[in-house]
Amino acid sequence: MENNITKEELSTIIRSKLSRHYGISTTEADRAQMYKSCARTVLELLSEKRTKFNQKIKENESKKIYYLCMEFLVGRSLKNNLYNLGIEEMFREVLEEWNFELEDLYQEEPDPGLGNGGLGRLASCFMDSLATLEYPAMGYSICYEYGLFKQKIVDGWQMELPDIWLPGGHVWLNQRNDLVCHVRFNGHVEENWTDEGLEVKHLNYDEIEAVPYDLMISGADSEGVAILRLWRARDLNNFDMGSFASGDYDRAMTEKMNAELICKVLYPSDNHFEGKSLRLKQQYFLVSATIQDIISEHLQQYESLDNFSAKVAIHVNDTHPALCIPELMRILLDEYQYSWPKAYQIVKQTVSYTNHTVLSEALEKWPEDLIKGQLPRIYGIIKGLNESYCQELWKRYPGDWDKIERMAIISHGQIRMANLCVIGSSRVNGVSKLHSDILKKQVFSDYYQVEAKKFTSVTNGIAHRRWLCQSNPLLGKLLDECIGTRYKKDARQLGKFRVFYEDNSVLEQLQSIKLANKIRFANRMHKYGVTMDPESIFVVQAKRLHEYKRQLLNALRIISIYLDLKENPNLNIPPQTFLFAAKAAPGYYTAKEVIRLIWHLSAHIEKDATIREKIRVVFLENYDVTMAESLLPAAEVSEQISLAGKEASGTGNMKMMINGALTIGTMDGANVEIHEAVGKENMFIFGMNAEEVERKWKEGYAASSYYHNNEKIHKVVNSLRQGFNGESFESIYRYLLVGDYGIGDPYMCLADFQDYLGVYQQLLDEYNDPIKWNQMSLMNIAGAERFAADRSIQEYTKQIWNIPTLI
Ligand code: 26Q
């Protein structure tokens, strides 16, 4: 590692920060002041590193990667940067001399919730890999003033509180007043034919300022630094003297508030499209500012935009930033006078798109009128793209109106963003093998027939340095001793851990590490009044609450065990703790009901002294990246039980696997590849696969048939009516058996129930044999070799961004 700062230098810098910002010395500083001074110290080191890296990029004229995403769940920065810079120990020592614990300072940092879940966390894992692998990369998003809400559970019901992260978090952000740009909304468009061709004027628009804030992310043991550029909206007319003088100051202030509303808050719906006009404003705000920024950076280095697609890769992470396609067209056409065909060619060669979901309710479809009103010029361009694409289709499929209608961007008054993305991109990928196959065979099959080469697959990966090395230091140390330290930069090396399959000492260490992580987690939670027994098996389902993810199926399984224990209190089962961590979208009633069920089930069992010795349910409030970092290393069983075909990939499955948990799951998303990596003997697969689910739908599915034909299901489902802890769950009972369409729950919990119970019983039997269990655990850690974000990024650079591999 190149960073050769000495302890003395470090201590001098921190002291100078304390002095400059607070006018105090180390003895007077409190934790918050010391945390901020450390953060500022790290920033200084990062800036120097970034300057050197920038020079290198410039000299090499490397192609740059711009990753656009409405969400980045970055997690805390201090620890990650210290680790990646290789100076964590030095910091610890310096701070100890001043009687500060580094761990305490870590706790001072807020966890910025600038994302909902998997999509946003993936984006952040990718930033870490891009920096580590030394690719010139920037992420672009919005600097939401309030991130994802803080969750509070009151009598089982989820309440949402604002996430105020900027007071402690802004220290990482560097405001770039030199790069401010302007974004235009509303107004109307005028078209005039001149001697030079068609001239388009956007008139009477409202304009706001976009101010960038940079957050640096250091590569691990590398020269790379990635930048995440977050935009904030600012009213252009900072102070309108005229309106003040004319007594209309109130109105001027209201307009200012409206402009700044754009980046107020992150929309909390995960995997669900919400067609709100403010959300559309957010999306265009992000892409317009970003494209302007990318173009001006390009023109600083090169003479023209003719080589744009050779030097720039713009990645659209899900359809949310899709408007960058017409926005780039707009700038090329209106500001740089490119012809339509040439502009379209540049755009198509530059942009690529990842799809993250096949759920129809998550697909973005914006009303034509909304886009027309808010973004008149962009609307005109989308219409142009639609018309020329439909003309091409007409030539290829004359008369096939159905097909053309399906493939068009605009239909029935709606603008379909996924179609826009496919049509405007050079590459489209899914996030696991299964998901990418579903894209080719179903969601995008029409396009696949036309342009098969466009479609590719890159299975997701995780930042294993954060999710293994930093969050599970004990396991990291064992791995260092067994296989050396190269796995930190090359996760493939984890495969070597298989050699220790029969090494009893290693297996015993795995067991004691898991116990230590369980104790660590239990102790942390104890502070919040949560009690759990680290000697029990930790069964974990941690992810957003969604019907398709089937937390309800997990709850039904627990109820079934509970009823068995009630009937036979001497039942011989190992003690189990079922941990749930999940936020529900605030308006998602069914999801909130499921939380209420889990919470009351937990309270119900808690009151029964004999039962709670054997099974316990814990609902962990306010799941976020920081909690995940201590929870996932403590997991022994990883619940990945979505209805097959619905979970695009999953990444929590990879995080728990790499920490030695065994998966109980369906053949869905990346579970299929986990199964391929560890074999059926090291995983607990149950339920229908995606094809069987399809078939069942076609055959005619009715949840009630399981209820009537299976005694156990009958009992479990009936118990919902009587309820738990004095609360009935009639609505869930009805949901399961009748549902919205009379066929019962559309995610088929009851269809997979019996198999789930059976396979879970096998899992419990295996748990009774610790050697066997630890061997399976070891095989999972080793099998995680292929699930590193580093590998995903190498695949993106090769298959999608067309960038030569650097290492
Ligand atoms: C769209 C429009 C308006 C408001 C909100 C949204 C919106 C926001 C977030 C739509 C979808 C999302 C998030 C999707 C998501 O997280 N998908 C997950 O992506 C992971 C990374 O690829 C996968 O592992 C998961 O399987 C997938 O569910």
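Residues numbered from 1 in each chain as written. Predicted model: local features only at pLDDT ≥ 70, side-chain atom pairs only at ≥ 80, totals over all residues. Heavy atoms only, no water.

**Comments concerning the overall build of the protein**
When helices and strands are counted, the protein shows 35 helices and 23 strands. If you line up the protein on its principal axes, its C-alpha atoms span 90 × 75 × 60 Å. For the protein, the proportion of its 807 residues judged to be buried stands at 59%. For the protein, restricting intrachain contacts to residue pairs at least 6 apart in sequence, the fraction spanning at least 24 positions comes to 76%. Of the roughly 32,000 Å² of accessible surface on the protein, a fraction of 49% belongs to carbon and sulfur atoms. (Helix = DSSP H or I, 4+ residues; strand = E, 2+ residues; numbered from the N terminus. Buried < 20%, exposed > 50% of the residue type's maximum accessible area, 1.4 Å probe, protein only. Contact = heavy atoms within 4.5 Å. Areas by Shrake-Rupley, 256 points an atom, 1.4 Å probe, with all protein chains shown as cover.)

**Here's the deal with the side chain of Ser129**
Looking at where Ser129 falls in the secondary structure, it is placed in helix H6 (residues 118-132). Discounting chain neighbours no more than four positions away, the residues touching Ser129 are Arg465, Ala789, Asp790 and Ile793.

**Quick word on the environment of Ala591**
Mapped onto the elements of the fold, Ala591 is located in helix H24 (residues 589-606). The spacing of Ala591 and Pro112 is 479 residues in sequence and 24 Å in space, taken between C-alpha atoms. In this structure Ala591 touches Leu545 and Ala584, once residues within four positions along its chain are discounted.

**Comments concerning the packing of aromatic side chains**
Tallying each qualifying case throughout the model produces 23 aromatic pairs. A centroid spacing of 6.4 Å and a plane angle of 65 degrees characterise the contact between Tyr353 and Phe444, whose relative ring orientation is edge-to-face. With a gap of 91 residues between them, Tyr353 in strand E12 (residues 351-354) and Phe444 in the loop between helix H18 (433-443) and helix H19 (445-450) connect regions that are remote in the sequence. Note on Tyr353: relative accessible area 0%, which makes it buried. By relative accessible area, Phe444 is classed as buried at 2%. A ring pair is formed by Tyr562 and Phe724, whose centres lie 6.3 Å apart and whose planes are at 80 degrees; its orientation type is edge-to-face. (Phe/Tyr/Trp six-rings, centres within 6.5 Å; stacked < 30°, edge-to-face > 60°.)

**Let's talk about the pattern of salt bridges**
For the structure on display, the rule yields 54 salt bridges. Residues Lys592 and Glu160 are paired through a salt bridge, measuring 2.7 Å at the closest nitrogen-oxygen approach. Note that Lys592 is positioned in helix H24 and Glu160 in strand E4 (residues 157-161), a separation of 432 residues in sequence. Owing to a relative accessible area of 6%, Lys592 belongs among the buried residues under this scheme. One network of salt bridges, with partners in common, ties together Lys79, Glu88, Glu89, Arg92 and Glu103. (Salt bridge = Lys/Arg side-chain N within 4 Å of Asp/Glu carboxyl O.)

**A short note on unusual backbone geometry**
Its identity as a non-glycine residue notwithstanding, Asn204 has a phi of 55 degrees, on the positive side. A positive phi angle is found at Gln337, which is not glycine, with a value near 55 degrees.

**A closer look at the site of the ligand**
Neighbouring residues of the ligand: 21 residues in total, closest Asn271, His356, Asn460, Glu647 and Gly650. A distance of 2.8 Å separates an oxygen atom of the ligand from a polar atom in the backbone of Gly650. Considered on its own, the ligand offers 620 Å² of accessible surface; in the complex 98% of this is hidden by protein. Sort the elements by how many residues they give to the shell around the ligand and H6 lands first, with three residues. Considering only residue class, the shell around the ligand consists of six nonpolar, nine polar and six charged. (Near = heavy atom within 4 Å. Polar contact = N/O pair within 3.5 Å; in protein donor to acceptor, adjacent residues only side chain to side chain. Nonpolar A, V, L, I, M, F, W, Y, C, P; charged D, E, K, R; others polar.)

**Some words on the domain arrangement of the protein**
As far as domains go, the protein holds domain 1 (1-60 + 81-110), domain 2 (61-76 + 111-459 + 794-801) and domain 3 (464-784). Of note, the centres of domain 2 and domain 3, computed from C-alpha atoms alone, are 35 Å apart. Together domain 2 and domain 3 conceal approximately 3,500 Å² of surface at their shared face, both sides included; 54% is due to carbon and sulfur atoms. The largest per-residue losses of area from domain 2 upon contact with domain 3 belong to Gln151, Trp157 and Leu434, which jointly make up 18% of the total buried on that side. Scanning the region where domain 2 abuts domain 3 turns up four salt bridges. Lys152 serves as the salt-bridge partner of Glu621, at 3.3 Å between the closest nitrogen and oxygen. Seen at the junction of domain 2 and domain 3, the total is 23 residue pairs in polar contact (both at pLDDT 80 or more). Within the residue set of the side of domain 2 that touches domain 3, elements represented by two or more residues are H6, strand E3 (150-154), E4 and H18. (Domains from an automatic or database assignment. Buried area = accessible area lost by both parts, 1.4 Å probe.)

**Some points on the pairing of E4**
Pairing analysis gives five bridges linking E3 to E4, with the strands arranged antiparallel. What sits directly across from Lys150, in E4, is Leu161. Where E3 hands over to E4, the hairpin turn is made up of two residues, of which Asp155 adopts a positive phi near 50 degrees. (Pairing = 2+ DSSP bridges.)

**Re the environment of Tyr747**
The residue Tyr747 is located in the loop between helix H32 (730-737) and helix H33 (749-767) in this model. A relative accessible area of 10% places Tyr747 in the buried class. Separated by 194 residues in sequence, Tyr747 and Leu553 have C-alpha atoms that sit 9.6 Å apart. Every residue in contact with Tyr747, bar those within four places of it in the chain, is listed here: Glu361, Glu547, Tyr548, Arg550, Leu643, Lys646 and Tyr735.

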